Amino acid sequence: MNKKRIVTGDRPTGRLHIGHYFGSLKNRVKMQESGDYDPYILVADVQALTDNFNNPEKVRKNVREVVMDYLSVGIDPKKTTIYIQSMIPETAELTVFYSNLVTIARLERNPTVKTEIAQKREVFGESVTYGFLGYPVSQAADITVMDGKVIPVGEDQLPLIEQCREIVRKFNSIYGEVLTEPEAVLSKEKRVRGLDGNEKMGKSLGNAIYLSDSEEEVNKKVMSAVTDPGRIKKDDPGNPDICMVSYYHKLFSEEEACKTICKECRAGERGCVGCKKELAKMINATLEPIRERRKYYEEHPELVDEILRKGTEKARETAKETMKKVKKAMMLDYFE
Ligand code: TRP
């Protein structure tokens with residue numbers, strides 16, 4: 001016993017892609033299977049609404065898509081508690097209490113928020129909403145209301161965990177030692193680049209391979225991947241260092257095979273079309289069992305609902321316990 005509570009989650013704004021798979025999902029399954037942790041995964045619908053408030057259908061639809069993606073990669077609801085953020089009202093309550101402990105200037109300085117605001121000009125124009133600026137406060141509540149100790153994150157999320165730790169310290173210094181400071185565990189995986197060579201794979205960039213893509217879709221997408229533009233004829237020597245096909249081979253093919261691929265490419269002994277076909281085969285081999293499991297849940301939506309209902313119920317119990325302590329510490333425990 002005494003397993004360390006993990007809290008992670010994703011905004012349900014689209015289905016999950018191979019960037020998520022290598023960046024976080026594989027690691028979540030590994031941590032789940034290690035037996036050392038008590039993992040909680042929240043589907044962050046409230047956070048998704050901070051920049052999609054005008055598109056509730058999109059958020060609603062993607063909650064189940066994301067959960068099916070989790071289940072299809074091997075997140076096991078018997079070992080991991082999967083729940084819906086908006087169904088934990090205690091989180092919203094705690095967010096309000098925390099908002100007194102954070103200055104507006106500090107939020108405006110948060111590098112993650114700053115970057116995102118710059119990227120979301122089309123949503124916010126020149127002035128950002130209170131809700132979006134404050135989402136790190138709500139994320140701090142997500143983590144601490146579930147008593148999260150270990151938060152596996154990519155580099156871009158580190159400032160959010162740092163801000164959470166600051167809030168916890170401030171809370172404890174004023175109201176007493178009630179909350180635990182969570183620890184960020186930086187994932188070793190690098191961000192997976194897009195088919196077009198962009199640093200980021202993403203829905204809005206149209207350069208992603210989804211876990212739920214069919215074999216045909218994968219084949220088509222791989223054919224569109226950017227290769228060495230200097231290579232015109234099949235036997236021109238190529239540069240695999242600037243080729244997305246070689247880049248993905250490193251994720252999906254064995255190390256030895258990759259060495260041969262690069263060698264043949266540099267020597268002009270390997271055509272791009274054949275190389276892409278081989279890559280598509282490797283990707284499809286990885287995705288096939290994932291697709292199969294997904295299909296099962298697509299055909300049994302009542303199971304997905306049941307998993308979410310149970311997970312949410314359990315998470316809610318945890319949240320209630322935390323709020324009892326929080327309210328007592330804040331002298332808000334009126335009729336107990
Ligand atoms: N910010 C995360 C993302 O954009 C989602 C998230 C919300 C989260 N609450 C969290 C992650 C709590 C870890 C812990 O993907």
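No experiment lies behind these values; they were computed from the predicted model shown.

A.B. asks: What is the right way to read the nonpolar core from this model?
C.D. replies: The nonpolar side chains of a soluble globular protein tend to be buried, and buried together. Counting residues in each nonpolar core, the largest one holds 44 residues, and the members touching the most others are I18, Y70, I82 and L211. Of all the secondary-structure elements, those providing two or more residues to this core are helix 1 (18-34), strand 2 (37-43), helix 3 (56-73), strand 3 (81-84), helix 11 (215-223), helix 12 (244-252), helix 14 (272-299) and helix 15 (301-329). Apart from residues no more than four positions distant in its own chain, Y70 is found in contact with G9, D10, L16, L25, R28, I41, L42, V43, I75 and I82. Of all hydrophobic cores here, the second largest spans 38 residues; its members include V7, V113, A319 and V326.

A.B. asks: What exactly am I supposed to notice about the site of the ligand here?
C.D. replies: Taken together, V7, T8, G9, D10, R11, L42, A44, Q47, Q139, D142, I143 and Q157 are the residues near the ligand. With respect to the ligand, the side chain of R11 contributes an N or O atom lying 3.2 Å from an oxygen atom. Contacts to the ligand include Q157, whose side-chain N or O atom sits 3.1 Å from a nitrogen atom. Look at the ligand: alone it shows 370 Å² of surface, and the protein chains cover 89% of it. Those elements that place two or more of their residues in the shell around the ligand are strand 1 (4-10) and helix 9 (135-145). The class makeup of the residues in the shell around the ligand is four nonpolar, five polar and three charged.

A.B. asks: Sorry if this is basic, but what is going on with the domain arrangement of the chain here?
C.D. replies: Frequently, the measure chosen for interface size is the accessible area that the parts lose on association. Each domain of the chain was delimited in the assignment, giving domain 1 (4-193 + 301-329) and domain 2 (215-295). Each of domain 1 and domain 2 has a C-alpha centre, and the two are 35 Å apart. Taken together, the contacts link 14 residues of domain 1 with 10 residues of domain 2. Taking both partners together, domain 1 and domain 2 bury about 1,100 Å²; carbon and sulfur atoms supply 63% of that area.

A.B. asks: What is the right way to read the packing of aromatic side chains from this model?
C.D. replies: Note on aromatic pairs: each is described by the distance of the centres and the angle between the planes. For the structure shown, the criterion picks out nine aromatic pairs. Relative to Y248, the ring of Y247 lies with its centre 5.4 Å away and its plane at 75°, an arrangement referred to as edge-to-face. Three or more aromatic residues joined by ring pairs form one cluster here, namely Y21, F22 and F252. We note R11 situated over the ring of Y135; from NZ or CZ to the ring centre the distance is 4.7 Å. The aromatic ring of Y247 is capped on one face by R193, whose charged end is 5.3 Å from the ring centroid.

A.B. asks: What am I meant to see in the pattern of salt bridges here?
C.D. replies: Should the charged atoms of two oppositely charged side chains come close, the side chains can pair. In this structure the tally under the stated criterion is 32 salt bridges. Salt-bridge contacts for E313 lead to R309; the nearest nitrogen and oxygen are separated by 3.1 Å. Placement of the pair is E313 and R309 together in helix 15, with a separation of four residues, close to one helical turn. Here R309 falls in the partly exposed class, since its relative accessible area comes to 43%. Among the charged side chains, a network of salt bridges with common partners joins R11, D51, E116 and K120.

A.B. asks: Would you mind showing me how to read the packing of helix 3 against helix 15 here?
C.D. replies: Packed helix pairs are characterised by how far apart their axes lie and by the angle those axes make with each other. Two numbers describe how helix 3 lies on helix 15: the axes approach to 11 Å, and their chain directions differ by 90°. In terms of axis orientation, helix 3 runs roughly perpendicular to helix 15. Of the residues in helix 15, those in contact with V63, R64, V67, M68 and L71 of helix 3 are V304, D305, I307 and L308. Of the residues that constitute the contact of helix 3 with helix 15, the class distribution is seven nonpolar, no polar and two charged.

A.B. asks: Looking at this structure, I do not really get the pairing of strand 2. What am I missing?
C.D. replies: For strand 2, a buried count of six out of seven residues is recorded, marking the element as mostly surrounded by other parts of the structure. The pairing of strand 1 with strand 2 spans seven bridges and is parallel. The residue of strand 2 that forms the bridge with V7 is Y40. On the question of chirality, the crossover connecting strand 1 to the parallel strand 2 by way of helix 1 is right-handed.

A.B. asks: When you look at helix 6 (residues 111-119) in this model, what are you seeing that I'm missing?
C.D. replies: Each full turn of the α-helix corresponds to 3.6 residues, which orients residues three or four apart in the same direction. Taken together, the buried positions of helix 6 are T112, V113, E116 and I117. Each buried residue of helix 6 lies within a common arc of 130° when the element is viewed along its axis, so the set occupies one face. On its buried side, helix 6 packs onto helix 5 (104-109), helix 7 (121-124), helix 8 (130-133), helix 9 and helix 10 (158-175). Taking the backbone nitrogen of T112 as reference, a side-chain oxygen 2.9 Å away marks N110 as the first, capping residue of helix 6.

A.B. asks: Is there a simple way to explain unusual backbone geometry in this structure?
C.D. replies: In terms of backbone geometry, most residues other than glycine have negative phi values and most peptide bonds are trans. The residue D147 is not glycine, and still its phi comes out positive at about 55°. Assessed through its relative accessible area of 30%, D147 is described here as partly exposed. The backbone phi angle of M331 is positive, close to 60°, even though this residue is not glycine. Position of M331 among the secondary structure elements: in the segment after helix 15. Note on M331: relative accessible area 66%, which makes it exposed.

Cut-offs applied
- Residues numbered from 1 in each chain as written.
- Predicted model: local features only at pLDDT ≥ 70, side-chain atom pairs only at ≥ 80, totals over all residues.
- Heavy atoms only, no water.
- Core = buried A, V, L, I, M, F, W, Y, C linked by side-chain atoms within 4.5 Å.
- Buried < 20%, exposed > 50% of the residue type's maximum accessible area, 1.4 Å probe, protein only.
- Helix = DSSP H or I, 4+ residues; strand = E, 2+ residues; numbered from the N terminus.
- Contact = heavy atoms within 4.5 Å.
- Near = heavy atom within 4 Å.
- Polar contact = N/O pair within 3.5 Å; in protein donor to acceptor, adjacent residues only side chain to side chain.
- Areas by Shrake-Rupley, 256 points an atom, 1.4 Å probe, with all protein chains shown as cover.
- Nonpolar A, V, L, I, M, F, W, Y, C, P; charged D, E, K, R; others polar.
- Domains from an automatic or database assignment.
- Buried area = accessible area lost by both parts, 1.4 Å probe.
- Phe/Tyr/Trp six-rings, centres within 6.5 Å; stacked < 30°, edge-to-face > 60°.
- Lys NZ or Arg CZ within 6 Å of the ring centre and 35° of its normal.
- Salt bridge = Lys/Arg side-chain N within 4 Å of Asp/Glu carboxyl O.
- Axes fitted to C-alpha atoms, helices over the stretch in contact; angles between N-to-C directions.
- Parallel < 35°, antiparallel > 145°, perpendicular 65-115°, else oblique.
- Pairing = 2+ DSSP bridges.
- Right-handed = clockwise from strand over helix to strand, strands pointing away.
- Arc of directions from axis to C-beta.

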